[in-house]
Amino acid sequence: MTNCCSPGDDDKAGSLSGTIVFLMATACGCAVSTIYYNQPLLAEMTASFGRPDGEGGLIATLTQIGYAAGLFLFVPLGDRIDRKRLILVLLALNMASLSAVAWAPTFGALVAASFMVGLTAVTAQIIIPAVAALAPFESRGKVIGSLASGLSAGLLFARTVSGFVGAHGGWRLMFVVAVGIGLVLMAIIAWHLPKTARTSTLSYPSLLASLWTLLRTEPVLRAGCITGFFMFAAFCALWGTLATLMARPPYEFGAASVGAFGFTGIAGLVSSPAIGRAVDRFGARAALGAGALVILAAFALIVGATLHVVVLVAAMVMIDIGNRAGLVANQSRIYALSAEAPSRLNTVFMSAYFLGGAAGAGVAGAVVGRWGWVGLAATGAGFALAALIFHRASRNL
C-alpha cells in the first residue's frame, strides 16, 4: 500500500487551515452527540414505559451496536463517492431517527429507533479520515487531537444539555431539540467541508470485502482494534450505568444532576490537542500505554465512589483522558498505513472501538444490578487491564 506521508500529500496538506480544522471539529462534536443524548436520561426513558431501570442499558447498548453497524455499512463509501453528499444523506436519515425516538409509542419502538440513531450517526468518522489525510505527517497527531477535542465537546454538550432539557422538559423534548441541531450540522458540512478526491473505484461489495483484507494484512490495525475495543469498553462501562447508579443511595440524583457530570468531559476537550502533540513527539505506543494505565487507576478509585462525589469526579476525569489518549494514538498510526483506504481503515478500527463500547455498556449493565459500584469498578478495571496486557504483548508493532 502507498504510505500517506508522500511529498505530494504533504504539499496538499499545507492548504489545511486552522479555521477548517475548527469547523470540522465542531461538526464532529455535533455528529457524535446524537448517540450520547440518551445516557443521562436512561432512568427516565425506561420509567416512562413502566420498565425497570436496569433495562436502560439496552437502549445504550443498541445505540452503540447501531453505530458499529453504520461504521461497517456506510463509512467505507467515503473512499468511493463524494463525502459531502454521503454525509448530508446520513444526516437527513439521522434526524428522521431522532424524531422516531422522540415520538416512540412503545419501549420496543424506542429501542429500535435508538438503534437507527446509532446506525446513521457515523458522519464524524467520515470527516476525521478526510481531514487527517490533508494534514502533514509530522503534525497529523495534532490535527487528530483537535478533531478529538470536537468529539469531547460533543460528549460534554450531549450529556450536559440532555440532562438539563430532560429534567425541565422531559426526555422526548431533548430528541426534538437534537433534530434542530442536526440542521445546523448540515449547514456546516454543506458550506465548509473541504472537497476530497475519491481514492477507490471498487464496487460496494468489493469495498466491504477489502475490510477483511486490511485487517488480515495490517498488524498495526489489528492491534489498534483490540486495544481500542477494551479501552472504550471501559469508558462505556462507566457512562452506560452512571445514571442507574446515581439514582440510588447515597446520591439519588435525577437527570439534570447526572447530566452535569458531563462537565468532566472538559478534561478530554482541553487535553486532546496536548495528547496529539505528545503522540507526535513521543510516539503512539507511549501515549497508548499511558492511557490504559490511567484508566486502570481510575477504576481503582471507582470502588470508593460512594464515599465522596469528589472521588467519583476524579475517576471520571481520568477515564476520559485515558480513553482519549488511546483513541488519538491509535488513529494517528492507523491513518498512516494507506493513502488509498483512509475511510476503510477507520471503518475497521472504529467498528471494533464501538463494539467495545456496546460490550462495556452491556456487561456493566448486567453486573451493576447485583454488585453496584464495586461491580462497575471490577468490570472497567478488567477491560483496562486487558488493553494494557495486549499492548505490552504487541510491543514490536
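Just so you know, the residues in each chain are numbered from 1, in the order the chain's sequence is written. The predicted origin of the model limits local features to residues at a pLDDT of at least 70 and limits the giving and counting of side-chain atom pairs to 80 or more, whereas totals for whole chains, interfaces and linings rest on all residues. In computing side-chain properties, one takes all heavy atoms of the structure into account and sets aside hydrogens as well as water.

Attention shifts here to the overall build of the chain. Where helices and strands are cited, they refer to DSSP runs of H or I of at least four residues and of E of at least two residues respectively, numbered from the N terminus. The helix and strand tally for the chain stands at 17 helices and 0 strands. Just to be clear, the radius of gyration here is over C-alpha atoms, and the globule rule we use is 2.2 Å times residues to the power 0.38. In summary, the chain has a C-alpha radius of gyration of 20 Å against a globular reference of 21 Å for 397 residues, a match within 12%. Its C-alpha atoms put the chain at 60 × 45 × 35 Å along the principal axes. Counting all 397 residues of the chain, 57% fall into the buried class. In this description, contact between two residues means that some pair of their heavy atoms is separated by no more than 4.5 Å. Partitioning the contacts of the chain with sequence separation of at least 6, the portion at a separation of at least 24 is 85%. Surface accessibility follows the Shrake-Rupley procedure with a 1.4 Å probe radius. Residue values consider only the protein chains on display as shielding. A total accessible area of about 14400 Å² is found for the chain, and carbon and sulfur atoms account for 70% of it. Only four residue types enter the charge count, namely Lys and Arg as positive and Asp and Glu as negative; His and the chain termini do not. Every charge is mapped onto a representative atom, which is NZ of Lys, CZ of Arg, CG of Asp or CD of Glu. Averaged over its 24 positive side-chain charges, the chain has a centre that lies 3 Å from the centre of its 14 negative ones. Burial classes follow relative accessibility: with a 1.4 Å probe on protein chains only, a residue under 20% of its type's maximum area counts as buried, one over 50% as exposed, and anything between as partly exposed.

This brings us to the nonpolar core. Residues enter a nonpolar core if they are buried and are Ala, Val, Leu, Ile, Met, Phe, Trp, Tyr or Cys, with the set joined through side-chain atoms within 4.5 Å. In this structure, F175, L242, F354, W373 and L376 are the most contacted members of the largest nonpolar core, which totals 125 residues. Ranked by the residues each element gives to this core, the list is headed by helix α17 (residues 342-393), at 16 residues. The residues contacting L376, other than those within four sequence positions of it, are A237, L238, T241, L245, F299, I302, A364 and V368.

It is worth spelling out a nonpolar patch on the surface at this point. Nonpolar side chains (Val, Leu, Ile, Met, Phe, Trp, Tyr) within 5 Å and like charges within 9 Å form the patches, drawn only from residues with over 30% relative accessible area and no salt bridge. Salt bridges are identified by distance alone: a Lys or Arg side-chain nitrogen within 4 Å of an Asp or Glu carboxyl oxygen. Taken together, the side chains of W103, L173, V176 and V177 present a nonpolar region at the surface, about 400 Å² in accessible area. Of note, L173 is situated in helix α9 (residues 171-192). With relative accessibility at 39%, the residue L173 sits in the partly exposed group.

On to the pattern of salt bridges, then. Considering all chains together, one arrives at 2 salt bridges under this definition. Salt-bridge contacts for D79 lead to R83; the nearest nitrogen and oxygen are separated by 3.6 Å. Classification of R83 as buried rests on a relative accessible area of 5%. Ionic pairing is found between D79 and R344, a salt bridge with its closest N-O pair at 2.8 Å. One end of the pair, D79, is in the loop between α4 (56-73) and α5 (83-102); the other, R344, is in helix α17, and 265 residues separate them in sequence. Members of the salt-bridge network, linked through shared partners, are D79, R83 and R344.

This brings us to the side chain of T120. Looking at the element boundaries, T120 is found in the loop between α6 (107-119) and α7 (124-133). When its relative accessible area of 3% is taken as the criterion, T120 is described as buried. Think of a polar contact as two N or O atoms within 3.5 Å of one another; within protein, one of them needs to be a possible hydrogen donor and the other a possible acceptor, and neighboring residues in sequence only count if both atoms come from side chains. Here the side chain of T120 touches M116 through a polar contact of 2.9 Å, landing on its backbone oxygen. Other than its neighbours up to four places away in sequence, T120 contacts L90, L93, N94 and S97.

Attention now moves to the packing of α4 against α6. Lines fitted to C-alpha atoms define the axes, with helix axes restricted to the stretch in contact, and inter-axis angles between N-to-C directions lie between 0 and 180 degrees. It is the contact of α4 with α6, at a shortest axis distance of 6 Å, that shows an interaxial angle of 35 degrees. Regarding α4 and α6, the two cross each other, and that crossing is right-handed. Between α4, through L58, I59, L62, T63, I65, G66, Y67, A69, G70 and L73, and α6, the contact on the second element is made entirely by F107, L110, V111, S114, F115, G118 and L119. Each residue belonging to the contact of α4 with α6 can be placed in one class, and the counts come to 12 nonpolar, 5 polar and no charged. Left-handed describes a crossing whose near helix is turned anticlockwise from the far helix by less than a right angle; the clockwise case is right-handed. We call Asp, Glu, Lys and Arg charged. Ala, Val, Leu, Ile, Met, Phe, Trp, Tyr, Cys and Pro are nonpolar, and the rest, Gly among them, are polar.

In this structure, P250 follows P249 across a cis peptide bond, with omega equal to 10 degrees. Among the structural elements, P250 can be located in the loop between α12 (242-246) and α13 (255-260). Residue E252 is not a glycine yet carries a positive backbone phi of 55 degrees. Mapping E252 onto the fold places it in the loop between α12 and α13.

This part takes up the packing of aromatic side chains. Centres within 6.5 Å are what make two rings of Phe, Tyr or Trp a pair, Trp counting through its six-membered ring; a difference in plane orientation under 30 degrees is then read as stacked, over 60 as edge-to-face, and the rest as tilted. Applying the stated criterion to the full structure yields 13 aromatic pairs. Taken together, a centroid distance of 4.1 Å and an interplanar angle of 50 degrees make the contact between Y67 and F354 tilted. One end of the pair, Y67, is in helix α4; the other, F354, is in helix α17, with 287 residues separating them in the sequence. We classify Y67 as buried; its relative accessible area is 0%. Accessibility expressed as a relative area gives 3% for F354, which makes it buried. Centre to centre, the rings of Y251 and F253 are 5.4 Å apart; their planes meet at 50 degrees, and the pair counts as tilted. In textbook terms, an aromatic cluster arises when at least three aromatic residues are bridged by ring pairs, as seen for Y67, F232, F235, F349, Y353 and F354.

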